[in-house]
Amino acid sequence: MAQLKETVKDSDTQLAFATAQTKITLNDSALKNQIFEEKYVLVNGIEQWVTIKGNSSKPIILFIHGGPGSPISPYTDVLYKDLEKDFILVQWDQRGTGRTYGRNAPPEELTPEYLKANPLTLEQMTSDGVEVSKYLLKYLGKQKMILSGTSWGSVLGVKIATKRPDLFYAYVGHSQIVNPTIDIKAYTKIYKMAEGRNDKEALEILNFIGKPPYSRAKNVGLLFRIAKKYERANSTPAPENWFQLSPTYDNDIDNKNREDGDDYSFVNFVGDDKLGVQSMTANIDLMKDNLDFKIPVYLIQGNEDILTPKENSKKYFDTIKAPKKEYYLLPKAAHGINQSVVESQYKIFKSIKTL
């Protein structure tokens, strides 16, 4: 009996050793496939910041951030960490954003003269996105990638996807902008919400800025601030740690570049007559210009989104033509990213057929 016990123990030890060896081999293999790169890439004449993280044997997802001027790169280690085992995640600080802005901005403070002399255009940024995509496919040895755009990035994403569909497996839009013009309807909706809440501070601001259209960027910013406050009140927030800066980006230089880049990009986004800056989105209407897709399209919409309401994105979705299309309306989600948005993104990303 003692001999039998020893034999069993020996077998258990061998099995445990074999299991441990298998785990080590699997971990070694996973580590070999992991890619972690942060660097500047020359794109259309300027250096632009790109991060590449994940499993090099898996498909690429190129994220097109919102704002414009609101990079995801400082937050992605928490926000999308779980996706790295199944994808290569690429974050790109667009022209005028974050580290890309810092690399190319003047050494002095952001000035009206700089704003006027250095306009952002949708055409230029679309070209940038195409070039970044081409670079990634060549550099990582892939045939195509998944394109994901949020808010402002959903405009840019649609433009990139329809210009060069051959580069992508699918387009995934979140908080899809169709026509970014601030109209009376949006103002009235926000005003009624302020009245319903007896929000005296908001009503004072709304009466001060008056009804659109607005000639100053700061007035649009004030309207957006009230809308975001009401969105937060009606939706489930993201976990607190999602949007805490990665230590690598939490320093005086990066913080200043993000702040200045956000100001620079926003003024270009909405325009400002006094500063002599034309709106880069004044003539955007995807209902007129981008209805025909050669790749599958997936749209994620928050039910509580005020800035890009479901009525607009659903109308656009119903009108577009695509080989496949799906629409996800999420309760308790607004314009920003929360747990339900990320879970929906992951579900969609995993469902897309890739080579």
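Structure first, text after, so check above.
Each value, and the rule that gives it
- Residues numbered from 1 in each chain as written.
- Predicted model: local features only at pLDDT ≥ 70, side-chain atom pairs only at ≥ 80, totals over all residues.
- Heavy atoms only, no water.
- Helix = DSSP H or I, 4+ residues; strand = E, 2+ residues; numbered from the N terminus.
- Buried < 20%, exposed > 50% of the residue type's maximum accessible area, 1.4 Å probe, protein only.
- Areas by Shrake-Rupley, 256 points an atom, 1.4 Å probe, with all protein chains shown as cover.
- Lys, Arg positive; Asp, Glu negative; His and termini not counted.
- Charge placed at Lys NZ, Arg CZ, Asp CG, Glu CD.
- Core = buried A, V, L, I, M, F, W, Y, C linked by side-chain atoms within 4.5 Å.
- Contact = heavy atoms within 4.5 Å.
- Axes fitted to C-alpha atoms, helices over the stretch in contact; angles between N-to-C directions.
- Parallel < 35°, antiparallel > 145°, perpendicular 65-115°, else oblique.
- Left-handed = near helix turned anticlockwise from the far one by under 90°.
- Nonpolar A, V, L, I, M, F, W, Y, C, P; charged D, E, K, R; others polar.
- Pairing = 2+ DSSP bridges.
- Right-handed = clockwise from strand over helix to strand, strands pointing away.
- Salt bridge = Lys/Arg side-chain N within 4 Å of Asp/Glu carboxyl O.

A. Here's a closer look at the overall build of the protein. Each helix and strand counted, the protein has 13 helices and eight strands in total. Here the C-alpha coordinates of the protein stretch approximately 90 × 50 × 45 Å along the principal axes. Considering the protein as a whole, with its 355 residues, one finds that 48% of them fall into the buried category. Carbon and sulfur atoms make up 52% of the accessible area of the protein, which totals about 17,800 Å². Of note, the protein has its 47 positive side-chain charges centred 6 Å away from the centre of its 44 negative side-chain charges.

B. Layout of the nonpolar core. If you look at the biggest cluster of nonpolar residues, it comprises 69 residues, and the most contacted ones within it are Leu62, Leu136 and Tyr171. Residue contacts for Leu62: discarding those within four places in its chain leaves Val90, Trp92, Val132, Ser133, Leu136, Met145, Ile146, Leu147 and Ser148. In this structure, Ile61, Ile72, Leu79 and Ile300 belong to the second largest nonpolar core, which totals 24 residues.

C. Representation of the packing of helix H7 (residues 184–196) against helix H8 (residues 200–209). Look at H7 against H8: their axes get within 9 Å of each other, and the N-to-C directions meet at 150°. Considering their axes alone, H7 and H8 lie roughly antiparallel with respect to each other. Remark: the crossing between H7 and H8 carries left-handed chirality. Of H8, the residues touching H7 (which contributes Tyr187, Ile190, Tyr191, Ala194 and Glu195) are Ala202, Leu203, Leu206, Asn207 and Ile209. Partitioned by chemical class, the residues of the contact of H7 with H8 number eight nonpolar, one polar and one charged.

D. Spotlight on the pairing of strand S7 (residues 297–302). Of all the six residues making up S7, six are buried; the element is thus mostly covered by neighbouring parts of the structure. Alternating residues of S7 divide into Val297, Leu299 and Gln301 and Tyr298, Ile300 and Gly302, and every residue in both groups is buried. The pairing of S7 with strand S8 (residues 325–330) spans six bridges and is classified as parallel. For Leu299, the partnering residue across the bridge sits in S8 and is Tyr327. Of the crossover connections in this fold, the one passing from S7 over helix H12 (residues 310–319) to the parallel S8 is right-handed.

E. Representation of the pattern of salt bridges. A complete count under the given rule lists 18 salt bridges for this structure. The partner of Glu38 in a salt bridge is Lys53, and the shortest N-O contact between them spans 3.4 Å. Pair noted here: Glu38 is in strand S1 (residues 34–43) and Lys53 is in strand S2 (residues 46–55), with a separation of 15 residues, a long-range link. Relative accessible area serves as the criterion here: at 28%, Glu38 is assigned to the partly exposed category. Note on Lys53: relative accessible area 3%, which makes it buried. Ionic pairing is found between Lys81 and Glu84, a salt bridge with its closest N-O pair at 3.3 Å. For Lys81, a relative accessible area of 43% translates into the label partly exposed. For Glu84, a relative accessible area of 7% translates into the label buried. Among the charged side chains, a salt-bridge network with shared partners connects Glu38, Lys53 and Asp77.

F. Inspection of the sheet that holds S7 at higher detail. One open sheet holds the eight strands; their spatial order is S1-S2-S4-S3-S5-S6-S7-S8, and the pairing between them is mixed. The open sheet has two free edges, formed respectively by S1 and S8, since each of these has just one partner strand. If you compare each strand with its neighbour and ignore which way they point, the axes differ by 20° on average. Pairing between strand S5 (residues 145–150) and strand S6 (residues 168–174): six bridges, direction parallel. Bridge pairing in S6 places Leu147 opposite Tyr171.

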